[in-house]
Amino acid sequence: MSVPDTSHIFDLAVEVLKENDRGTYTVPTKGLYPFQWNWDSCFTALGQAHFDEDRAWTEMETLFEHQWPDGMVPHIVFHVYDDGYFPGPDVWKSGRPTPTSGITQPPIAGFALRQLFERSKDRAAAERRARALLPKIEKWFAWFYANRDPQGEGLVAILHPWEAGRDNSIDWDEAFERVPTEGIAPYTRRDTQHADPAHRPTKAQYDRYLWLVEHFRSLGWDNTKLHDASPFQVVDPGFNAILVRGCADLASVAEALGETEMARRNRDRASKGLTALEQLWSESHGQYLCLDRTTGKLIDSASIGGLTTVFAAIPAERAATIGQVIARQAETLRFIVASHDPADPRFESKRYWRGPVWLVVNYLIFDGLRAAGETEIADHVLRSSLDLIDQSGFAEYYDPVTGEACGGGRFTWTAAMVLEFLAVAERS
Ligand code: DGY
């Protein structure tokens, strides 16, 4: 495969990961995100495994030390005091010994566990550490289906855009209109002091993010109540695909460790989730769409939420169609994969999740396309990702039109994904 000259990139990526390492957890980037974030950490562990296996396991172990008694794994763990970030622990009031946020994030942990387990050279340590993580990750997955899929449909809902990780995606615009803003406590944003406000969510969106936090807090963060009490309940196909893949990967590790019953339970979850995902397919868009659970309607918004589904074992013809959608994007954009359909008038090339390219998403899409045998477009995604690094360094995300670096700089998960992409490119 032809890739740009990347010999210097490996060391630079390791440097970024080490710079953001706080010993037992890694911050996404200093300043903007000074704590441990859930899915960031799981991606980080994948990168760390290329130069320090032991440290990679620790990254995930630290995250799971802060799992809630009900099984939820929070999206932020506030290990230290830092008033450079808002909303901090005093807003969330989670009541946890080490403060955390009260919502969750995409469950990359199942996938990351399998990767660490299968790649680790120290087999005895890998078995011991995987065995300890298995029940915790399973508890989180069971939590999802119990609390975010109360009707047992096989699809889980997010209750806050931050849970999807795609904070200001166009996917949420319509459903977000139903979230009120009255009565929220006055606040000062910190994110816009660290990053260009034109690259960040708007004030109207922040007001709603905060309203939801205050609403859930007023319900005591009781997860048995939050789903039905939330005016925002969206089924994101990408999020569900990550969960489905996580269940399948967890099952595979469980099987290898002789945990047959656990393996069966998680294979069942994965297969039910995959079947249910089909309800979200849109023939006219050639991809899956989000479902607004409060209205029961699909959301007319073509984003990476629907393209990331290739990360799960969706039917081959669906993966091929998604590959074609991405290939069409590549005809009009210098860099892929844009987080939103560039032909949509709502597309914004620099604003966070409304258009920019994110390397973690590229990685999930790449992995899925490859597994589905869509190698040509998969390799295009890989090349585009490394070209961005070459041109603009380890940014949080990139403008797909110009390749300009956006958001925070020296970003951990971007560096981690570069190590993953380099390893694949080397093997090819
Ligand atoms: C933020 O604060 O921007 C985060 O994305 C929320 O997790």
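Use the structure listed above.
### Remarks on the site of the ligand
Now for step 1: Around the ligand lies a shell formed by Tyr33, Trp37, His75, Tyr85, Trp162, Asp167, Arg200, Tyr206 and Tyr352.
Now for step 2: Tyr85 is positioned with one of its side-chain polar atoms (N or O) 2.6 Å from an oxygen atom of the ligand.
Now for step 3: Expressed as a share of its isolated accessible area of 230 Å², the protein-covered part of the ligand is 95%.
Now for step 4: Its residues assigned to classes, the shell around the ligand comprises 6 nonpolar, 1 polar and 2 charged.

### Topic: the nonpolar core
Now for step 1: Ranked by internal contacts, the top residues of the largest apolar core, which has 142 residues, are Phe43, Met60, Leu113 and Ile326.
Now for step 2: Leaving out residues up to four positions away in the same chain, Phe43 has contacts with Ile108, Val360, Tyr363, Leu364, Trp413, Ala416 and Met417.

### Considerations on helix α5 (residues 109–119)
Now for step 1: Counting buried residues in α5 gives 8 out of 11 residues, a clear majority hidden from the surface.
Now for step 2: Three or more residues of α5 are buried, namely Ala109, Gly110, Phe111, Ala112, Leu113, Gln115, Leu116 and Phe117.
Now for step 3: Considering only its buried residues, α5 is in contact with α2 (38–48), α3 (53–65), α6 (123–147), α12 (237–256) and α16 (359–371).

### Topic: the pattern of salt bridges
For side chains of opposite charge, pairing can occur when their charged atoms come near one another.
Now for step 1: Applying the stated criterion to the full structure yields 35 salt bridges.
Now for step 2: Arg131 is the partner of Glu259 in a salt bridge, and the nearest nitrogen-oxygen pair spans 3.6 Å. Highlighted residues: Glu259 in the loop between α12 and α13 (260–277) and Arg131 in helix α6, separated in sequence by 128 residues.
Now for step 3: Judged by its relative accessible area of 38%, Arg131 falls in the partly exposed class.
Now for step 4: Of the charged contacts in the structure, one is a salt bridge between Glu261 and Arg264, with a shortest N-O distance of 2.7 Å. Of this pair, Glu261 and Arg264 both sit in helix α13, 3 residues apart, which is roughly one turn of that helix.
Now for step 5: Counted as one network, the salt bridges with shared partners bring together Arg114, Glu118, Arg245, Asp249 and Asp367.

### Observations concerning the sheet that holds strand β7 (residues 297–298)
Now for step 1: Taking strand neighbours across the sheet as the criterion, the 3 strands line up as β3-β6-β7 in an open arrangement whose pairing is antiparallel. Edge positions in the open sheet fall to β3 (234–235) and β7, since each of these has one partner strand only.
Now for step 2: Bridge analysis of strand β6 (residues 291–292) against β7 gives 2 bridges, and the strand direction is antiparallel. In the sheet register, Leu291 faces β7, and the bridge partner there is Leu298.

### A short note on the packing of aromatic side chains
Now for step 1: Counted by the stated rule, this structure contains 38 aromatic pairs.
Now for step 2: Ring geometry for Tyr363 and Phe421: centres 5.9 Å apart, planes at 80 degrees, overall edge-to-face. With Tyr363 in helix α16 and Phe421 in helix α18 (residues 412–427), the pair connects residues that are 58 residues apart, well separated along the chain. In this pair, the class of Tyr363 matches that of Phe421, namely buried.
Now for step 3: One Lys or Arg, Arg189, reaches over the ring of Tyr206 and ends 3.9 Å from the middle of that ring.

### Description of α16
For an α-helix, 3.6 residues make a turn, and residues three or four places apart therefore share a direction.
Now for step 1: Relative to the 18 Å expected for 13 residues at 1.5 Å per residue, α16 spans 18 Å between its end C-alpha atoms, a close match to the ideal helical length.
Now for step 2: Burial of α16 is extensive: 10 of the 13 residues sit out of reach of the surface.
Now for step 3: Listing the buried residues of α16 in full gives Leu359, Val360, Val361, Asn362, Tyr363, Leu364, Ile365, Phe366, Gly368 and Leu369.
Now for step 4: Gly373 occupies a position one or two residues after α16 and carries a positive phi of about 85 degrees.

### Here's the deal with the environment of Gly154
Now for step 1: As for its placement among the helices and strands, Gly154 is situated in the loop between α6 and α7 (161–164).
Now for step 2: On the accessibility criterion, Gly154 (3% relative accessible area) is buried.
Now for step 3: Those residues in contact with Gly154 that sit more than four places away from it in its chain are Tyr145, Asp149, Asn240, Lys272, Gly273 and Ala276.

Quick notes on the rules
In this numbering scheme, every chain counts its residues from 1 along its sequence in written order. Local features in this predicted model are restricted to residues whose pLDDT is 70 or higher, and side-chain atom pairs enter the listing and the counts only when it is 80 or higher, whereas totals over whole chains, interfaces and linings include all residues. No hydrogens and no water enter the side-chain calculation; it runs on all heavy atoms of the structure. We call a residue near a given molecule or strand whenever any one of its heavy atoms falls within 4 Å of it. Polar contact is defined as a pair of N or O atoms within 3.5 Å, subject to the rule that within protein one atom must be able to donate a hydrogen and the other to accept it, and that residues adjacent in sequence are counted only when both atoms are side-chain atoms. A 1.4 Å probe and the Shrake-Rupley method give the accessible areas. Residues count as covered only by the protein chains that appear here. In this classification, Asp, Glu, Lys and Arg are treated as charged, Ala, Val, Leu, Ile, Met, Phe, Trp, Tyr, Cys and Pro as nonpolar, and every other residue, Gly included, as polar. Only buried Ala, Val, Leu, Ile, Met, Phe, Trp, Tyr and Cys residues count toward a nonpolar core, and they belong to the same one when joined by side-chain atoms within 4.5 Å. Only protein chains enter the accessibility calculation, which uses a 1.4 Å probe. A residue is then buried if its area is under 20% of the maximum for its type, exposed if over 50%, and partly exposed in between. By the convention used here, residues are in contact when the closest approach between their heavy atoms is within 4.5 Å. Think of it this way: any DSSP run of H or I at least four residues long counts as a helix, any run of E at least two long counts as a strand, and we number them from the N terminus. Every case where a carboxyl oxygen of Asp or Glu lies within 4 Å of a side-chain nitrogen of Lys or Arg is listed as a salt bridge. The pairing criterion for strands is at least two bridges between them, as found by DSSP. Centres within 6.5 Å are what make two rings of Phe, Tyr or Trp a pair, Trp counting through its six-membered ring; a difference in plane orientation under 30 degrees is then read as stacked, over 60 as edge-to-face, and the rest as tilted. Note on geometry: a ring has a charge over it if NZ (lysine) or CZ (arginine) is within 6 Å of the ring centre and within 35 degrees of the ring normal. Residue count minus one, scaled by 1.5 Å, sets the expected span of a helix.

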